[in-house]
Every structure is written in C-alpha cells, then in structure tokens.
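Secondary and tertiary structure notes
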Amino acid sequence: MTPLLVLLALSLLLIYLLSPLLSRDPLPGPLYARLTSLILKYHEFTATRTTYIHSLHLRYGPVVRIAPNEVAFASAAAAKEIYCSNGSGYDKTEWYDLFKVYDRRTMFTTLGKSEHAKRKRLLADRYANSNIMKGGVMEGIKQRARTFGELCGQGGKEGKVLHAYAFDCVTLHLFHPHSTNSLTDPKDSEIMLEVTFDSSLQNRLLSHYSPLLHRLLNTFMVSILSLKPRETPLADSFVLNTAAQPHASPFTLLHRLHSQSSLGQIDIAAESLDHMAAGIDTTGDALCFLIWELSRPSSLIYQQTLQAELRSASPDTPFDQLPYLDAAVMEGLRMFPAIPMSLPRYAPPGRTAIIDSYKIPPGTIVSCQPLSVQRLGPEKGGTFPEPDRFWPERWLKSEGETQAEFEERDRVMKKGFMAFGMGGRGCIGKHLALAEMKCLLREVYTRFRTLPDERMRAEEMEQADLLVSSRPAGQRCLVRFERLEA
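Residues numbered from 1 in each chain as written. Predicted model: local features only at pLDDT ≥ 70, side-chain atom pairs only at ≥ 80, totals over all residues. Heavy atoms only, no water.

Defined as follows: UniProt positions are given in the numbering used here, feature names are shortened, and annotations may be inferred rather than shown by experiment.
Where an unreviewed UniProt entry is consulted, the protein chain appears under the name Cytochrome P450, with the organism given as Podospora bellae-mahoneyi. According to the UniProt record, the Cofactor (unreviewed entry) comment for the protein chain reads "heme".

Quick look at the structure:
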C-alpha cells in the first residue's frame, strides 16, 4: 500500500473516530457516509443533492446518515423537533453564511434564535395576512396578474415570465411606488434575469467549503470552467438606490424599515435585496412547476375542475371560498416545494437530542428536506399516500368521509406539510406567496386552458438544485395558452 493510500485510510479512520455520531447503534445509511462527506459534496456541486438524499430515504427510510456528522430526517415528528422545539427549533449552521448580503446578516442568515427573533419582530407585521389582503398589496398583485393574462393571450410563454410576475409582485410589497414592471419593461426584466437565472452554485460552494482553494482556483474556474461567482450589479444598483428613497407606501417593508428601525442604510438594502431575491425564485418556480403539472394530459381533469370552480365564481369571491383553488396550490407546493432542499441545523449543545428514537449528540448537523418530508409514503415512514401522484382532491373532504374524519386527516397532512418551513423560522413571506399564486392561477384558468408546448421534453422539467430553491433542469418551461369560450 502506498504512503498516500495509508494516509488516506488513516484520515478516514480519524474522521470516523472523532465523529460525535460514533455509537454502538449505527444510523441507517451507506457505509461511506460514516467515513466521508465527499459523496454528499459531489452531489452538492452537481446540483443533485436533493434527489440524492431523497433516493437514500427511499432506500433506508426516514432516518439516514449522509455524512460523518450529518443526519437527514424525513418524518413529520422529526421536522417538528428540529424546527419547532422551543418555538424556533435548533440553531442554524454556518451554511447560511452563503446567503449573507453585502457581508451583512439578514433575518434569513441570522444563526441564533434571539437575534432572529429581534429582526423578525421588526418585519413580521408587513407580512401578516391582514396587511397582504389590504387594498394596496392585493390590488397591485391583481393588476400584475391581469398583465400576465394579457401576455398569455399573445401565445405560448416561457417560465421566466412567471419569474417576472413574482419579481413585480415582491418589489410592489417591498418598495411601492418604486417597484418594477419587468412584465412589460425590458430594463426591469434584465434585473430579474440577473437575479433568478444565477449559475454561481459551484463557485459559491467552493468559496464556502475552502476559501483558500477558491482563491487559488478562482481564475481557472471563471476563465476555463465558466464557473462564475454571483454578480448582480443591476440588482445591487436598483436596491441600493431604491432603499434610500423616501415616501414608500405605508404597506411596504421599506416604509417599516425607514420608520421603525435603527438599521443603517446598507443593512436596510441588504434585508431588502434578500427578500427580493427570495421572492422571485420561490414563487416563480412554484408556479412554473404547478402550471406545468396542470397542463399535462394526466392532469386534464384537475385543470377542468379548477376552471369550473373559477369560472362559476364572482371575480370578487374571496380565496377562502374557492376550495379547489386552495387544494391545487397545496398539492403543487407539496409535490414541488419552492425550497425543496435540506435546511441544516445544529443539534443543541449540552444534551443528547432524541429524534425519531435515535440519540443525536450535541453539534451534529441535522436536517429535513421538504421534498422528502412531503414525498415519502406511509410505508417508508412518511405522511402522504401515493406521494408521487399529483392529486388535489387529497386536500378536500371525500365522498363518504365524515367531517371529523376529514379534519383528522387534514391535521395529519398539514403536520407533514413543509413547503414554507416550520416553526418560528418558517417562511415569513408565506401569505404574500399564496396571494400571488392564487391571483395568477385565477386569472389564467378563468380565461385559458394550458397545454405543454410540443418543443418541451419531460426531462427538462426535472428539478435541479440551486442553493436552497429548485428550477427546471432545462432552465425553461414552455406552455401554450388557449383562450376558453366566454
């Protein structure tokens, strides 16, 4: 055996022996995961981490060791423990440093619970459902949905138009009257494209895991491999200039930050850019996958049922009186969560955590990924029967089911629903995202039927990882819109 192989073997043995997970009762998972995280990192760098971990859950069940000091869980009970215990769950890991903006920590990137709670108290009322449903926000979202509908009437559209819609809606909420109109303004569309069609995954991951290696290889990565760093000069200029603007509308986040915060101008801009970027990919991709699913021939009956409900209702009918619309959105988010990837946390210090009956030592990285929590069947320890079937009716009371039976089944499903995260650190923009999705779907399916464009191939709509969100692997989604008879 060569000295290099001996050194490698000794290194792997040392990693194994130093792992706090070393125990007499080894966790389920592949043998190599006890010795090295290289396989996991390979899948991170190739944008397949989410599907890789899901394949491990399908093989080993709801608990799987994925690296020497990292365990993935996929049960509702584990998600509740990790993300909801003591209100906000376990503390975040340094992995969230990847999302710092202007080298500042935003609400999303704060690691400890107390710091996060302080920032959330400042921002939460702007995202409350009562604020979202007020005239200023809702009328603006409806107007943007109408603009999207007008564009649909002009023929087939790519998924990036959905990102433009999401961009215009989130900047409305953040900055009105200084918001964007990327659906119709090419200059604003350039900002949206710069933010959402980002290909800096590998460059950013290398910078995070090995800053020295990143510095040594940076020129090679950019010039030879085209692995560019994240650069958003148009978005930076827009946000920095807009965040300094006075007289934002009272319903906006900017008004709140200017009037009731002690944050400096750079911190205000960093928080705003973080919310803006998060609001484009998540809502845009969730709509993209849902409309694609509704357009497939196998989902024709679901699309027709949705059209019947929307076309028979008054335009002013509240969302809570449109149960099938809600069911379609819930099912879309279940199958295609906007953030499907792992949300890593540290097992708490000073005690051994019990998660799904396993003893997890302090400092172990633990996580659930919404994709697996929501798409693991009961036979594998999950929540949803036929998890890979798109079936909006699962969210509705079925024929022959009593109200009590439905309420219990609904309660169980919602315990296993993680599309917006869980606990005190769940997605603050949930109500805004739901309003945007429902307004747009209502506009589209009241007026149109949708069909897959014949140029699309099924593999193009497979999910590919970004850092936390997901997008179609082919980076496009072509759908045809056919106008319904009045």
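Continuing now.
**Describing the sheet that holds strand β6 (residues 365-368)**
How we decide: Should DSSP find at least two bridges between two strands, the strands are taken to pair. Helix and strand definitions here come from DSSP, where helices need a minimum of 4 consecutive H or I residues and strands a minimum of 2 consecutive E residues; each element is numbered from the N-terminal end. The contact definition used throughout considers only heavy atoms, calling two residues in contact when any of these lie within 4.5 Å. Angular values range over 0 to 180 degrees, each being the angle between N-to-C directions of two axes fitted as lines to C-alpha atoms, with helices fitted over their stretch in contact.
Pairing in this open sheet of four strands is mixed, and the strands run β1-β2-β6-β3 from one edge to the other. The strands lining the two open edges of the sheet, one partner per strand, are β1 (63-67) and β3 (345-346). Relative to β6, β3 is paired through two bridges, and the arrangement is antiparallel. Of the residues in β6, the one forming a bridge with Arg 345 is Val 366. Together, β1, β2 (70-73) and β6 form the strand contacts of helix α3 (residues 49-60), whose direction differs from that of β1 by roughly 135°.

**Points about the packing of helix α14 (residues 265-295) against helix α19 (residues 430-447)**
The test is simple: Handedness of a helix crossing follows the sense of rotation of the near helix relative to the far helix, less than a right angle counterclockwise being left-handed and clockwise being right-handed. Each residue is assigned to one of three groups, with Ala, Val, Leu, Ile, Met, Phe, Trp, Tyr, Cys and Pro labelled nonpolar, Asp, Glu, Lys and Arg labelled charged, and all others, Gly among them, labelled polar.
Relative orientation of the contacting elements α14 and α19 amounts to 35°, with a least axis distance of 10 Å. For the pair α14 and α19, the crossing hand works out as right-handed. From α14, Thr 283, Ala 286, Leu 287, Leu 290, Ile 291, Leu 294 and Ser 295 reach across to α19, where they touch Ala 433, Glu 436, Met 437, Leu 440, Leu 441 and Tyr 445. Residue composition of the contact of α14 with α19, grouped by class: ten nonpolar, two polar and one charged.

**Regarding the packing of helix α9 (residues 186-196) against helix α12 (residues 233-243)**
Axis separation between α9 and α12 bottoms out at 8 Å; the angle between their running directions is 115°. The element α9 and its partner α12 pack so that their crossing is left-handed. In contact with Glu 190, Ile 191, Glu 194 and Val 195 of α9, α12 contributes Pro 233, Leu 234, Ala 235 and Phe 238. Within the contact of α9 with α12, the residues separate by chemical class into six nonpolar, no polar and two charged.

**Quick word on unusual backbone geometry**
The line we're drawing: Throughout this description, buried means an accessible area under 20% of the type-specific maximum (1.4 Å probe, protein chains only), exposed means over 50%, and partly exposed covers the range between.
Cis geometry marks the peptide bond from His 176 to Pro 177; its omega dihedral reads 10°. With respect to the secondary-structure elements, Pro 177 resides in the loop between α8 (160-175) and α9. If you check the backbone angles, Asp 103 has positive phi at about 60° while not being a glycine. Locating Asp 103 in the fold gives a position in the loop between α4 (76-84) and α5 (113-123). Here Asp 103 falls in the exposed class, since its relative accessible area comes to 63%.

**Some details on the pairing of β2**
Of the two faces of β2, both are covered, the one formed by Glu 70 and Ala 72 as well as the one formed by Val 71 and Phe 73. When β1 meets β2, the two strands line up antiparallel, connected through four bridges. Following the sheet pairing, Ala 67 is matched in β2 by Glu 70. What sits between the antiparallel neighbours β1 and β2 is a turn of two residues.

**Overview of the packing of aromatic side chains**
The condition is simple: Centres within 6.5 Å make a pair out of two Phe, Tyr or Trp rings, where for Trp the six-membered ring is used; the pair is then stacked when the planes are under 30 degrees apart, edge-to-face when over 60, and tilted otherwise. Put simply, a charge is over a ring when the Lys NZ or the Arg CZ is close to the ring centre, within 6 Å, and near the line of the ring normal, within 35 degrees.
This structure, assessed with the given rule, holds 13 aromatic pairs. With centroids separated by 5.5 Å and ring planes inclined at 75°, the aromatic side chains of Tyr 96 and Phe 108 adopt a geometry described as edge-to-face. Pair noted here: Tyr 96 is in the loop between α4 and α5 and Phe 108 is in the loop between α4 and α5, with a separation of twelve residues, a long-range link. Judged by relative accessible area, which is 28%, Phe 108 ranks as partly exposed. Members of the aromatic cluster, each reached through a chain of ring pairs, are Trp 95, Tyr 96, Phe 99 and Phe 108. Across the ring face of Phe 384, the terminal group of Arg 334 is positioned such that the distance to the ring centre comes to 5.2 Å. Above the ring of Phe 336, the side-chain terminus of Arg 375 is found at 5.9 Å from the ring centroid.

**Re the side chain of Glu 194**
Along the chain, the position of Glu 194 falls in helix α9. Residue classification places Glu 194 among the buried positions, given a relative accessible area of 17%. Not counting residues within four places of it along the chain, the set of residues in contact with Glu 194 comprises Glu 231, Thr 232, Pro 233, Leu 234 and Ala 235.

**Section: the pairing of β6**
Neither face of β6 is left uncovered, since the one carrying Ile 365 and Ser 367 and the one carrying Val 366 and Cys 368 both have all their residues buried. Note: β2 against β6, four bridges, orientation parallel. Its bridge partner being in β6, Val 71 is matched across the sheet by Val 366.

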